[in-house]
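Fold and contact review
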Amino acid sequence: MEPLPADFAKQLLQVIEPGGEGAAAEVIGAAVHLDDTRLGIFLELLADRVRSSAKPITEPELRELLKKSTKYGRPAAS
């Protein structure tokens, strides 16, 4: 997995549903507790979602991405 770009947080805010920043921070905060493999899966799923639609990402979508990334491993702390 490649390192995150320096302006990752700024880029992320551009694709999060307006008003959903707090929920996004909560989900991403849970994702950072995953092991490297599952965190990589979460970030890949997030990147795929961003590429597939111009619509803002909602809280339920983020939670589903987190759930998918933990499907075969320990759950994230949330």
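Residues numbered from 1 in each chain as written. Predicted model: local features only at pLDDT ≥ 70, side-chain atom pairs only at ≥ 80, totals over all residues. Heavy atoms only, no water.

Considering the side chain of Ser-69
Within the secondary structure, Ser-69 is located in helix H4 (residues 59-69). There is a polar contact of 2.8 Å between the side chain of Ser-69 and the backbone oxygen of Leu-66. Other than its neighbours up to four places away in sequence, Ser-69 contacts Leu-34, Arg-38, Ile-41, Phe-42 and Leu-45. (Helix = DSSP H or I, 4+ residues; strand = E, 2+ residues; numbered from the N terminus. Polar contact = N/O pair within 3.5 Å; in protein donor to acceptor, adjacent residues only side chain to side chain. Contact = heavy atoms within 4.5 Å.)

Regarding the pattern of salt bridges
All chains considered together, the criterion is met by five salt bridges. Across the salt bridge formed by Arg-38 and Asp-35, the nearest N and O atoms sit 2.5 Å from each other. You can call Asp-35 partly exposed: its relative accessible area is 26%. Salt-bridge contacts for Arg-49 lead to Glu-61; the nearest nitrogen and oxygen are separated by 2.7 Å. Of this pair, Arg-49 sits in helix H3 (residues 36-52) while Glu-61 sits in helix H4, and the two are 12 residues apart along the sequence. (Salt bridge = Lys/Arg side-chain N within 4 Å of Asp/Glu carboxyl O. Buried < 20%, exposed > 50% of the residue type's maximum accessible area, 1.4 Å probe, protein only.)

A closer look at the confidence of the model for the protein
On average, the protein scores 86 in pLDDT, and the residues at 70 or more come to 90%. Ranking the elements of the protein by mean pLDDT puts helix H1 (residues 8-15) last, at 83, and H4 first, at 95. (pLDDT = per-residue confidence, 0-100.)

Brief notes about H3
Given a rise of 1.5 Å per residue, 17 residues ought to cover 24 Å, and the 24 Å separating the end C-alpha atoms of H3 matches this to within 8%. Within the sequence span of H3, burial applies to Arg-38, Leu-39, Gly-40, Phe-42, Leu-43, Leu-46 and Arg-49. The secondary structure elements touched by the buried residues of H3 are H1, helix H2 (21-31) and H4. Of the residues that open H3, the one with a side-chain oxygen 3.1 Å from the backbone nitrogen of Thr-37 is Asp-35. (Expected span 1.5 Å × (residues − 1).)

Focus: the nonpolar core
Among the nonpolar cores identified, the biggest contains 15 residues, and Ile-16, Ala-31, Phe-42, Leu-46, Leu-62 and Leu-66 are the most heavily contacted of them. Broken down by secondary-structure element, the contributors of at least two residues to this core are H2, H3 and H4. With residues up to four places along the chain from it excluded, the contact list for Ile-16 reads Glu-21, Ala-24, Pro-56, Ile-57 and Leu-62. (Core = buried A, V, L, I, M, F, W, Y, C linked by side-chain atoms within 4.5 Å.)

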